[in-house]
Structures are given as structure tokens and as C-alpha cells.
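Inside the fold
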Amino acid sequence: MENEVLIKTENLTKIYPMGQYELVALSEVNLTLKKGEFAGLVGPSGSGKTTLLNIIGSLDVPTTGSASVLGEKVETLSHKKAAQLRNKHIGFIFQTFNLLPVYTVFENVEFPLLLQNLTAEERKKKVMDALEWVYLADRAKSKPNQLSGGQSQRVAIARAIVKGPAIVLADEPTANLDAENSHNILQTMKNLNSELGTTFLFSTHDEKVIRYLQRKISLFDGKIARDELFSPSGQKKVKNDNP
Amino acid sequence: MIIPKLAVRNILGAGIRTWLNVIVLSFAFVAIITTQGLLEGMNEQAAQAMIDTQYGGGQYWHENYDPFDPLSLQDAHGVIPGDLKRMVDRGEATPLLIIQGNIYPNGRIRTILLKGISPAQSIITLPSHFLAQSDGEIPALIGSRMAKSTGLKVGDYVTMQWRDARGTFDAQDVRIVQVMKTTVQSIDNSQIWIPLQKLQQLAGMEDEATLVIINKTAQNATAVAGWNFKTPDYLLKDIRDMVQSKAIGSTIIYFILLFLAMLAIFDTQILSIFRRRKEMGTLMALGLTRGKVIQLFTLEGAMHGVLAALAAALYGIPLLAYFARIGWKLPSNTDSYGFAIGEKLFPTFSAGLVLGTTLLVLIITTIVSFLPTRKISKLKPTDALRGKLT
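Residues numbered from 1 in each chain as written. Chains lettered and ligands numbered in written order. Predicted model: local features only at pLDDT ≥ 70, side-chain atom pairs only at ≥ 80, totals over all residues.

Another point: the overall build of chain B. Helix and strand counts for chain B come out as 10 helices and 13 strands. Against the 2.2 N^0.38 benchmark of 21 Å for 390 residues, chain B shows a C-alpha radius of gyration of 31 Å, more extended than a compact globule. Summarising its shape, the C-alpha atoms of chain B cover approximately 100 × 45 × 30 Å along the three principal directions. Contacts in chain B between residues far apart in sequence, at least 24 positions, make up 79% of those at least 6 positions apart. (Helix = DSSP H or I, 4+ residues; strand = E, 2+ residues; numbered from the N terminus. Rg over C-alpha atoms; globule rule 2.2 N^0.38 Å. Contact = placed C-beta atoms within 7 Å.)

With that settled, consider the overall build of chain A. A tally of regular secondary structure across chain A gives 7 helices and 11 strands. Here the C-alpha radius of gyration of chain A, 18 Å, is about what a compact globule of 243 residues would show, namely 18 Å. By residue count, 45% of the 243 residues in chain A fall in the buried class. (Buried ≥ 20, exposed ≤ 12 C-beta atoms within 10 Å, placed from the backbone.)

Bringing the packing of helix H2 (residues 16–55) of chain B against helix H8 (residues 290–326) of chain B into the picture now. Residues and elements named next belong to chain B. With their axes 8 Å apart at the nearest point, H2 and H8 run at an angle of 50° to one another. Our classification of the angle between H2 and H8 gives oblique. Of the two possible hands of crossing, H2 and H8 adopt the one that is right-handed. Of the residues in H8, those in contact with Thr18, Asn21, Val22, Ile23, Leu25, Ser26, Phe29, Val30, Ile33, Thr34 and Gly37 of H2 are His304, Gly305, Leu307, Ala308, Ala309, Ala311, Ala312, Gly316 and Leu320. Its residues assigned to classes, the contact of H2 with H8 comprises 12 nonpolar, 8 polar and no charged. (Axes fitted to C-alpha atoms, helices over the stretch in contact; angles between N-to-C directions. Parallel < 35°, antiparallel > 145°, perpendicular 65-115°, else oblique. Left-handed = near helix turned anticlockwise from the far one by under 90°. Nonpolar A, V, L, I, M, F, W, Y, C, P; charged D, E, K, R; others polar.)

What follows covers the pairing of strand E4 (residues 64–69) of chain A. Residue and element names in this part refer to chain A. As judged from the 5 bridges shared by strand E1 (residues 5–18) and E4, these two strands associate in the antiparallel manner. For glutamate 10, the partnering residue across the bridge sits in E4 and is serine 66. Where E4 lies against strand E5 (residues 72–73), 2 bridges are found, and the strand directions are antiparallel. Across the sheet, the residue bridging to serine 68 is lysine 73, located in E5. Where E4 folds back on E5, the antiparallel hairpin that results is connected by 2 residues, among which leucine 70 adopts a positive phi of roughly 50°. (Pairing = 2+ DSSP bridges.)

Another point: the interface of chain A and chain B. In this assembly, 20 residues from chain A lie in contact with 17 residues from chain B. Looking at the side of chain A that touches chain B, the elements that each hand over two or more residues are helix H2 (79–89) and helix H3 (105–114) of chain A. It is H2 of chain A that contributes the most residues to the side of chain A that touches chain B, 6 residues altogether. Class assignment for the residues of the side of chain A that touches chain B results in 10 nonpolar, 6 polar and 4 charged.

This part covers the pairing of E1 of chain A. Residue and element names in this part refer to chain A. Two elements, E1 and strand E2 (residues 21–34), share 10 bridges in a ladder whose sense is antiparallel. Note on E2: the bridge partner recorded for lysine 14 is leucine 26. As consecutive antiparallel partners, E1 and E2 are separated by 2 residues, and within that stretch glycine 19 has a phi angle of approximately 65°, a positive value.

Counting 104 residues, the largest nonpolar core has Ile56, Val109, Ile157, Ala158, Leu169 and Leu201 of chain A together with Phe29 of chain B as its most contacted members. Top element by residues in this core is H8 of chain B. It accounts for 10 residues. Apart from residues no more than four positions distant in its own chain, phenylalanine 29 of chain B is found in contact with Ala308, Ala309, Ala312, Gly316, Thr357 and Val361 of chain B. One finds Met50, Tyr55, Leu84 and Ile239 of chain B within the second-largest nonpolar core, a separate group that totals 56 residues. (Core = buried A, V, L, I, M, F, W, Y, C linked by C-beta atoms within 7 Å.)

Turn by turn, an α-helix covers 3.6 residues, leaving residues three or four places apart pointing in a common direction. All of the buried residues in helix H5 (residues 196–203) of chain B are Leu196, Leu199, Gln200, Leu202 and Ala203 of chain B. Each buried residue of H5 of chain B sits inside an arc of 165° when the element is viewed along its axis, so together they form one side. (Arc of directions from axis to C-beta.)

Residues at a pLDDT of 70 or more form 94% of chain A, whose mean pLDDT is 90. Mean pLDDT in chain A bottoms out at strand E11 (residues 236–241) of chain A, which sits at 60, and peaks at E4 of chain A, which reaches 96. (pLDDT = per-residue confidence, 0-100.)

Another point: H8 of chain B. Residues and elements named next belong to chain B. Compared with an ideal rise of 1.5 Å per residue, which puts 37 residues at 54 Å, H8 spans 53 Å between its outermost C-alpha atoms and is within 8% of the ideal. Along H8, the largest kink reaches about 40° and is centred on glycine 316; proline proline 318 follows within four residues of it. Positive phi shows up at glycine 327, right after H8, with a value of about 75°. (Expected span 1.5 Å × (residues − 1). Bend = angle between axes of the 7 residues up to and from the residue.)

All right, on to the environment of glycine 287 of chain B then. As for its placement among the helices and strands, glycine 287 of chain B is situated in the loop between helix H7 (277–285) and H8. C-beta crowding within 10 Å serves as the criterion here: with 23 such atoms nearby, glycine 287 of chain B is assigned to the buried category. Sequence-distant contacts of glycine 287 of chain B, that is, excluding residues within four places in its chain, are made with Ala83, Gln84, Arg86, Asn87, Pro112 and Leu115 of chain A.

Our focus in this paragraph is the packing of helix H5 (residues 149–161) of chain A against helix H6 (residues 179–196) of chain A. All names here are of chain A. Packing of H5 against H6 leaves a shortest axis separation of 9 Å and a crossing angle of 15°. What the angle tells us is that H5 and H6 run roughly parallel. Taken as a pair, H5 and H6 cross one another with a handedness that is right-handed. Of H6, the residues touching H5 (which contributes Gly149, Gly150, Gln153, Arg154, Ile157 and Ile161) are Asn181, Asn184, Ile185, Thr188, Met189 and Leu192.

All names here are of chain B. Phi at asparagine 106 is positive, roughly 50°, even though this residue is not glycine. With respect to the helices, strands and loops of the structure, asparagine 106 is situated in the loop between strand E3 (93–103) and strand E4 (110–117). With a phi angle near 60°, aspartate 207 is a residue other than glycine that sits in the positive phi range. Relative to the helices and strands, aspartate 207 is located in the loop between H5 and strand E9 (208–209).

Two modes of strand pairing occur in sheets, parallel and antiparallel, and in both the strands are linked by backbone hydrogen bonds. An order of E2-E1-E4-E5 (chain A) is seen for the 4 strands of this open sheet, with the pairing classed as antiparallel. In the strand order of this sheet, the two ends are held by E2 and E5 of chain A, each with one partner.

Below, the structure is given as C-alpha cells:
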């Protein structure tokens, strides 16, 4: 199932009305992502990385064209269906961690599972497993304000993977972290990718992240400018060049 | 069940913000119930005092009797009918004869109502037994207000003038045998109580009465020709109307308190929605629908009301129970308000009042909590994640 297509966009265009003008955030984007990929959307600010990530995450809809995620057309999903898709199959990691401040680490990671019909026992096991993955099992009872930036992002990763999603979408996950924490975070995600087969899609302009990517999709002015694959040794082989 | 669980987690997790709101709202609960309890207490206390000392279980009025027309008194008397006489003989009723007269305390004329009552009666709590004297003098009972306004005291003699059934004026001295202290002004001001038989004899109205008061426990009053039965509800209508007129002020306080409490909830909700935009976006990204987010925030607001009710119960029940037991000492001039309340007002906190107020505050809290959350229905998850409120 390695070649199973999880994400497919066809002529995806997103336009934001800005008063009398329109801002074209994405233009005719065609992209396919397969199961198990560790890919990144790379580009300068305003190139459309986050917009594309949001549409793939069913948080937004395309203006024209289509985005298909796990066989579901994002643009035709109802609010409820989109919420279900996010809850069951998509994990999110945000630049600013977005942990729920009044919850403990355990409760933050448990949250997506509360929306699924799982027993308390099952939830506890999954949460502790996820926390083991990010080496934070001993901080289960801590509140987010008692954690460092790196620890907070690891909690966010645990929250994203706890439900065993098919896709994890990470929006600038290392932007608020120092080099050492960035490395730890990326290594953790890389391990999850290789051991659990979870598909990761990043948006980033951080060189540190780019070094870890197996696939680098460069966006410029809302278009895919370059799509490159890297072998595990780091050797580049161009898959799709669209200057 | 996930939303209530999350709401509980959120409001407990919010710490001091939650508890400040809860305390303010609980004050409102207790204050609203207290003011309403005082009003109910005033109503009940006044009604009970009137029943005990004046109205009993109702009154049969002579058909010509109109308490608001003093001129009607001349003709408002008649022989006590057989049915009522039998009730009186069985101790189930007591007749009252009322005629107009004057007294001359310290040489000044004062118009009064002369009321004749049986010294042996026990239908009302008037201390009529003081009138059971047979030394040839006419014993008279007056209230403390009457004593104060006329300067009369126990043992004093005062000349009393009246007009008998044939229209003849006559006069005689009466001796004040007791000054009674009563909360009920309508048995005190400008009234002199003397033995019924004596008054009947002086007025030439043998076996006659103006009205007959029946026992509080008497069942179903029967119709008596020439006499109209007035129920306690009818007799208490004026006092209840008066209490109701005083209730306007209390209602204003009620709504001001409610408004202040709701303002606190509304502000908290507005603040929550502005401060927690990112959280809303995160919740949506994690799989909560917009509707569920609205439910969550509404429930959080409404739960302030529930917690406030619990907090109010915690300190309010012992406080109000103590208050209901010791009463509220009224200022000395309360006597002139026109209520038969006494020196202390004892609030009444009925189950209906407590439950009704609690329910009302909870419903309004929920509505007030819901109103600001409607903004969430227009919120795009992507904007929320960026901390924008569309």
C-alpha cells in the first residue's frame, strides 16, 4: 500500500477577496501525496504554504479546483464530515503549539480521543503510548505553562499522532524552537514516519527542516515551482520541475 | 456527554476567573432571594396579624355596613340572626358592634369608633378579657397609638359621647383598664373597645351587632339573610395591594441585581470569545464542529450559574435560615408605613421562591451565555487559528 494516494489536488485555486481586490493565494496547484511520504511545502512567506495545508486539512475549501484527502473531496464536505475527517484521520501540529492551557499534558493528548467512542482504559493506553513516543510520559500531569517550547511541541506531536492518523500536517513546527529542540522534534517525526508509516506534510522555510525532507515541494506565488525527491542518502533526484 | 465534561474541565481550569464570577453571581442569588423573602415575609406577617387580631376566619357584615363610609354606621347594625347566634353560643364566632362617638381627653374633642366586644371571646387575639369587670364603671381598652395620641393611660377616666339607636346623644365616663400593644393599626387608632353588652345597652341595640367574626377553623360559611359573608381573602385584599405597591421597589432591586450578575457573565463570555479564538480554532482542527464549540462555550457560561447556585446554597442556606429565625429589626417609624408587621420582619423563604429564582437565574444565565457565542457560528477555523475573529 506504499503507493496509495492519500492527497490529491487538481487545479486547486484559492482566492481571498481583499476589499476591491483579490489575492490569489494558490493557483492551479496539482499535487499528489502518497502514503508514508515525509514531504515539505517550502517557500517564502505568502507563497501559499499554509493555505494549501489548511485546505488539505479540510479547515478551508478551494475557490476552484478540487482537493481530495483520503478519497474525500474537501470542497463538498459538510462541516460535520470535515470535522470527522480531521478528528479521525488528520493530525495537526502548529507553529505556536496550540495546547489547551487549562488542560494537563495528558488531557491535551487525550482530547482527540474524547471525540471518539473509546473507553477510558483505551484512551489512557493510547495517550501514554503517544507520550512515550515523545519521551514525555513523566510530564503527563504537567500544565502547558510548565513546559519548555520543545516539550510543548512534543506534546503537540503526541496529540497529533495519538489517534493514529493517516496524515500529519505540520505548519512551521520548528519556527519557535532552537536548533537542538528542532533536531529532536524532527527526529521524532522522522521515527514516527518510518516506524508507523504516518504521512507527514510540513510547511516550512526553515533550512533545518528542509534537510530532513524526503520530498521538497517549493511554492512560489501560489504555484508549485519545483517538486524534488531526495534519496535517504540525501541525493537529489528531480521529480517534477515547473519553473 | 463530551461537551459537559469539557465544559467542567474548562471552567475549573480557568481558576480565579471562574470563581470570581461564581462569587458575584452567588451574591446576586442570595440578594435576590433575600429581598423577595422579605417581601413575602412582610405579606405573610401582615396578613397573619390581621387574621389573628381582626379578621379571624372571615366576617359576616350587616348588609348596610361599609367600612369606608363612616356615615353608614348609623344604620349598619341588626339583631344577630339565629344561625350566627348559635355559632356565637358554640364559641365559633364573636359579634362586634361598632358605633360612632366622641371622647374628650384633656378637654379636646376626638372622634372615635366605639367597638363592643365580648370579654370572653377567643376568636381573635384582642385582649378583651381586660373588659371583664363588674364594678359599675365602664371598662375601656385602647391601643398604644391611641393612648399616645390622646395622652390617656391605664386608670384614666375619659368622657365618652355617643348617639343611640333612636338618635339621642348621651355621654358617660369610661375608665381605661388596659393599653394594648398591637401591630395592627386598624384596631388601635381612634378606637375604644368596651364590653359588647354594655355598648348594646348604651346604644339601645340589644342583641345587635355590626359584624360577626367567625373562627379561623370554621368550615364553609353559610348564607345568612341580611348579612354578607366576607372571606379572609377579600378582607386582606387591601393589605395585599399595599404590599404589592411596596413590591415595585423590590422588583427594581431584583432586576438591577439580575442585570449586574448577567453583565458579569456576558462580559466573561465576550472576553472568553476574544481571548480564546486560537483555542476555538484548535478545537475545530482537532475535530470539534462549530456547533459543538458553541455548545461548549454556552455551557461553560451556564455552568457559572450552576456553580453560583451551589455556592449560594453553601453559605446562603445557613445565612438565610439564621436571618429567618432572628428576623430583621425594623426602624421605629415603620409603624407609620401602614403595615401590621411589628418590631421585626421575619423573611419567608418558600421552596417556590428559592427554586423559582434559581431556575430563572439559570435560564437567563444560559441565554446570556449563548448570545455572544453566536459570533462563533461565523468563525472560520483558519481565521480562529490565526487569532482573528471574523
